[in-house]
Amino acid sequence: MQSQNEDIGYVAGGSSQFNGQLFHLLMEAPGPIALLRGRDGVCDVHNPQFQKLWGGANQSNLPMRQAWPHQERSGVFEMVEGVFDTGRPYHQYSYTSIAEWNDDGKAEQRYFDLVYSPYRNELGETIGVIIMGLDVTAKTNAHRQLAEQQLLFKDITDAAGTALWTVDTKGNIIFVNQTWLDWTGKPFKAHLGRGWIDFVVPEDRECVISSFLRDVNHKSQFHVDFRVLRKDKRLQWVAATGKPRYTINGEFAGYVGSCMDITERKKTEQLLRDSEERFRNIADSAPVLIWMTGTDKQITFVNKSWTEFAGINQLVGNIGHLHDDLLHPDDQALVVNSYIQAFEAHQEFYLEYRMRNRNDKYRWIGMKGIPRIGPDGIFEGYIGSGMDITEMKEHEQVKNDFIGMASHELKTPITSIKAYVQLLLTIYSKKTDDEFLLRSLSTVNKQINKLTRLITDLLDVSKMESGRLSLNSVEFDLHDLIKETVDEVQHTATQHDILYTPIGPLAVYADRDRIAQVITNFLTNAIKYSPDSDRVDVMVSTDTQAITIGVRDYGIGINPEEQAKIFNRFYRVEGRNEQTFSGFGIGLYVAAEIVRRHGGNVWVESEKGEGSVFYFTLPLYKDLTQD
Ligand code: ADP
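The rules we used
- Residues numbered from 1 in each chain as written.
- Predicted model: local features only at pLDDT ≥ 70, side-chain atom pairs only at ≥ 80, totals over all residues.
- Heavy atoms only, no water.
- Helix = DSSP H or I, 4+ residues; strand = E, 2+ residues; numbered from the N terminus.
- Rg over C-alpha atoms; globule rule 2.2 N^0.38 Å.
- Buried < 20%, exposed > 50% of the residue type's maximum accessible area, 1.4 Å probe, protein only.
- Contact = heavy atoms within 4.5 Å.
- Areas by Shrake-Rupley, 256 points an atom, 1.4 Å probe, with all protein chains shown as cover.
- Lys, Arg positive; Asp, Glu negative; His and termini not counted.
- Charge placed at Lys NZ, Arg CZ, Asp CG, Glu CD.
- Near = heavy atom within 4 Å.
- Polar contact = N/O pair within 3.5 Å; in protein donor to acceptor, adjacent residues only side chain to side chain.
- Nonpolar A, V, L, I, M, F, W, Y, C, P; charged D, E, K, R; others polar.
- pLDDT = per-residue confidence, 0-100.
- Pairing = 2+ DSSP bridges.
- Axes fitted to C-alpha atoms, helices over the stretch in contact; angles between N-to-C directions.
- Parallel < 35°, antiparallel > 145°, perpendicular 65-115°, else oblique.
- Left-handed = near helix turned anticlockwise from the far one by under 90°.
- Expected span 1.5 Å × (residues − 1).

Q: Talk me through the overall build of the protein chain; I want residue IDs and the actual numbers.
A: When its secondary structure is counted, the protein chain shows 17 helices and 24 strands. Taking 2.2 N^0.38 as the reference for a compact globule, 627 residues should give roughly 25 Å; the C-alpha atoms of the protein chain span a radius of gyration of 53 Å, well beyond that estimate. Oriented by its inertia axes, the alpha-carbon framework of the protein chain measures out at about 175 × 60 × 45 Å. Classification of the 627 residues of the protein chain by burial places 42% in the buried group. Counting contacts in the protein chain only where the partners sit at least 6 residues apart, residues at least 24 apart contribute 52% of the total. Split by element, the accessible area of the protein chain, about 35,800 Å² in all, is 52% carbon and sulfur. Considering the protein chain, the positive charge centre built from 67 side chains and the negative charge centre built from 85 side chains are found 5 Å apart.

Q: Before we move on, could you go through the site of the ligand and cite the residues and values that matter?
A: Not every one of the 21 residues close to the ligand is listed here, only the nearest: Asn525, Tyr529, Asp553, Arg572 and Leu588. For the ligand, an oxygen atom lies 2.5 Å from a polar atom in the side chain of Arg572. Burial of the ligand by the protein amounts to 96% of the accessible area it has alone, namely 530 Å². Elements that contribute at least two residues to the shell around the ligand include exactly α14 (512-528), α17 (587-597) and β24 (611-619). For the shell around the ligand, the element with the highest residue contribution is α14, accounting for 4 residues. When its residues are assigned to classes, the shell around the ligand shows 11 nonpolar, 7 polar and 3 charged.

Q: Which residues make up the confidence of the model for the protein chain, and what values go with them?
A: For the protein chain, mean pLDDT is 88; residues scoring 70 or higher make up 93% of the total. Within the protein chain, no element has a lower average pLDDT than strand β1 (residues 3-5), which sits at 40, and none a higher one than strand β19 (residues 497-500), at 97. Confidence drops under a pLDDT of 50 for residues 1-10, and excluding neighbours within four residues, the segment shows 26 contacts in the predicted structure. Under a pLDDT of 50 for its full length, residues 12-16 has, in the predicted model, 8 contacts with residues more than four places off or in other chains.

Q: Account for the side chain of Ser97, with residues named and values stated.
A: Mapped onto the fold, Ser97 is located in strand β5 (residues 90-99). With a relative accessible area of 4%, Ser97 lands in the buried category. Here Ser97 is in contact with Lys52, Leu53, Glu108, Gln109 and Arg110, once residues within four sequence places are set aside.

Q: Tell me about the sheet that holds strand β10 (residues 222-229), and please be specific about residues and values.
A: Judged by pairing direction, the sheet is antiparallel, and its 5 strands sit side by side in the order β9-β8-β12-β11-β10 without closing on themselves. Each edge of the open sheet carries a strand with a single partner, namely β9 (173-176) and β10. Averaged over neighbouring strand pairs, the angle between their axes works out to 25° when direction is ignored. Pairing of strand β11 (residues 235-246) with strand β12 (residues 252-261) involves 9 bridges; the strand directions are antiparallel. Directly across from Lys243, in β12, lies its bridge partner Val256. Most of the contacts of helix α7 (residues 202-218) go to β10, to which it runs at about 150°, and overall it touches β8 (163-167), β10 and β12.

Q: Describe the pairing of strand β4 (residues 42-46), and please don't skip the residues or the numbers.
A: Of all 5 residues that make up β4, 5 are buried, and the element is covered over most of its length. With 4 bridges joining them, strand β3 (residues 33-37) and β4 adopt antiparallel strand pairing. The residue bridging Leu36 from the neighbouring strand is Cys43, located in β4.

Q: I'd like a rundown of the packing of helix α13 (residues 478-492) against α14, residues and numbers included.
A: Where α13 meets α14, the axes come as close as 10 Å, and the angle between the chain directions of the two elements is 45°. Classified by the angle their axes make, α13 and α14 are oblique. Considering only the axes of α13 and α14, their crossing is right-handed. In contact with Leu478, Asp480, Leu481, Ile482, Glu484, Thr485, Val486 and Val489 of α13, α14 contributes Arg512, Ile515, Ala516, Ile519, Thr520, Leu523, Thr524 and Ile527. Classifying every residue of the contact of α13 with α14 gives 10 nonpolar, 3 polar and 3 charged.

Q: Explain the pairing of strand β23 (residues 602-607) to me, and be specific about the residues and the numbers.
A: By the alternation rule, side chains of β23 split into Val602, Val604 and Ser606, which are all buried, and Trp603, Glu605 and Glu607, of which none is buried. Strand direction decides the pairing type here: β23 and β24, joined by 6 bridges, are antiparallel. Residue Glu607 lies in a different strand from β24, and its bridge partner there is Gly611.

Q: Explain helix α8 (residues 263-285) residue by residue, including any values.
A: The α-helix winds at 3.6 residues per turn, so residues separated by three or four positions along the chain end up facing the same way. Under the 1.5 Å per step criterion, the end-to-end length of α8 is 33 Å for 23 residues, consistent within 8% with the ideal 33 Å. For α8, the complete set of buried residues consists of Thr263, Lys266 and Ala283. Each element contacted by the buried residues of α8 is listed here: β10, β11, β12, β13 (289-293) and β14 (299-302).

Q: Would you mind going over the environment of Trp54 in detail, with residue names and values included?
A: By the secondary structure assignment, Trp54 is in helix α2 (residues 48-54). Taking the C-alpha atoms as reference, Trp54 lies 16 Å from Glu81; in sequence the two are 27 residues apart. In this structure Trp54 touches Leu36, Trp68, His70, Gln71, Val76, Phe77, Val80, Tyr95, Tyr116 and Ile131, once residues within four positions along its chain are discounted.

Q: Describe the packing of helix α11 (residues 390-431) against helix α12 (residues 435-465), listing the residues and the values that go with them.
A: Between α11 and α12, the least distance of the axes is 8 Å, while the angle of their chain directions is 155°. Accordingly, the angle class assigned to the pair α11 and α12 is roughly antiparallel. Read as a crossing pair, α11 and α12 show a hand that is left-handed. Along the lines of polarity and charge, the residues of the contact of α11 with α12 split into 17 nonpolar, 11 polar and 4 charged.

Okay, here's the thing in structure tokens:
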């Protein structure tokens, strides 16, 4: 008797023992099951899963080789026969089968672990083979994915320019990537466990091992720099960092870390250290006071000369190179303010102040500070140097005193000579027509005027230097003053026409005589330095803030590099042309100082050979026309 159910499987040979519950159990088992009888493997029973596993259409009561001829080369028949002959079970892992496993018309690949077991009669004789399978598709796929990920991980780590490694909980290396192998030139196995230590430079080993083991024990992150012996015998600096690793369950699993090649960085650091050392040596041996600050004005360096000068070992204080206790009380406020202002604007500065030395004596220091700008254009603080200028200051004082005294002493006889010459001129211009006498007296008068101006300028210089130049400010109309001054200078000028274009009354609050002195200086210079021209222009303009007065000439002009210097004391442009003009180089210095004292500016615009325009400004006071 036989029964067949095409949907659910097949039972052959009237094996009544498979009827009933057991039969249903086999039929509905999730994995494939088949019972093959005899050495020929006649199919007694198989479930639908098995039918899909081995394929084929009708296997009714046929020996396996006839029932599944397409399996002839797959080796499964030999396995059945082997199990039958030996009576020992056989395991076949990851058997692959493509079938419509879901009955949805789509073929799909699945994996099965199969067991071929003998089944026996009551006498213990093998009478057939049972094949049972377990669907391991999910597990196999997961394994494959894992293997692929591991391959990807290996590819990535091998491609990294950084050496990567992992250690177990005891600190034994379990993985190093290709980069480390390339550096050391030794195979993977050589580095496992503690093998890697052989490639650390002997002098660095103790430090590396102790820091490594300490951190591994504490399960803390670690960082250590050491040198590696490369296969090409070069020493390579590496920065090793490691991070503790935990399993999904939160158990400590060892470390994962990297070693970065930092040889170039170390070299640069060494070069920097060398150059810093050189800088320190030079700075310490220099006879000037050298200092450096960071961006916060805090001192980062002072040289030996400084500490020796001040007699202190360390310089502290929040105002950079200025030490509160050492500054002269009279200089403190001004110097600290100027320094802070310059620092905040990142500007160069030069300050002169008194500082107490180790012998409790105040010395004059000329201190120059320059902002330090890094290669990326970022402000890094200041570097400065200072010199003891006490002697220079004393000499200057002596010189100023002398200039002051000499010009003062000269002034009295000159005033008296001038008075007599003018008296003689008045008397003889009416009494005689002796041309020679009159011309001589007039020349003497002119030269005395020049001399008087020179002496007045010298006196002004000495007053300015000692801070005694005081202003006598009043309100007046600048237009009137310009006109008067132009007329006066025009009077003595034989060759030039001074063209003044007024713009109306201009109220200013200033020292009238001093402003006249400035305009006279500009005008006489314009005439003096334009011997081949016959014209000088005076221009005035205003804006909301200031009045600007300009004096233009068409003379010899001034080189750009000289333009800022001509306002310095005793500065005269040198050159064949300039030598023919007499002068002392103090007129512009005095003029500039007068203007600055009024809160104005002076400057020049000029082109060599084309002429110059000298400007000065005065703060606007009030427009008289508006009243
Ligand atoms: P001084 O004319 O007595 O030498 P100043 O202080 O008035 O002194 O001028 C300083 C220098 O500036 C002069 O020596 C001259 O070289 C230059 N300078 C001044 N004014 C002019 C000008 N208008 N044109 C060309 N150079 C000038």
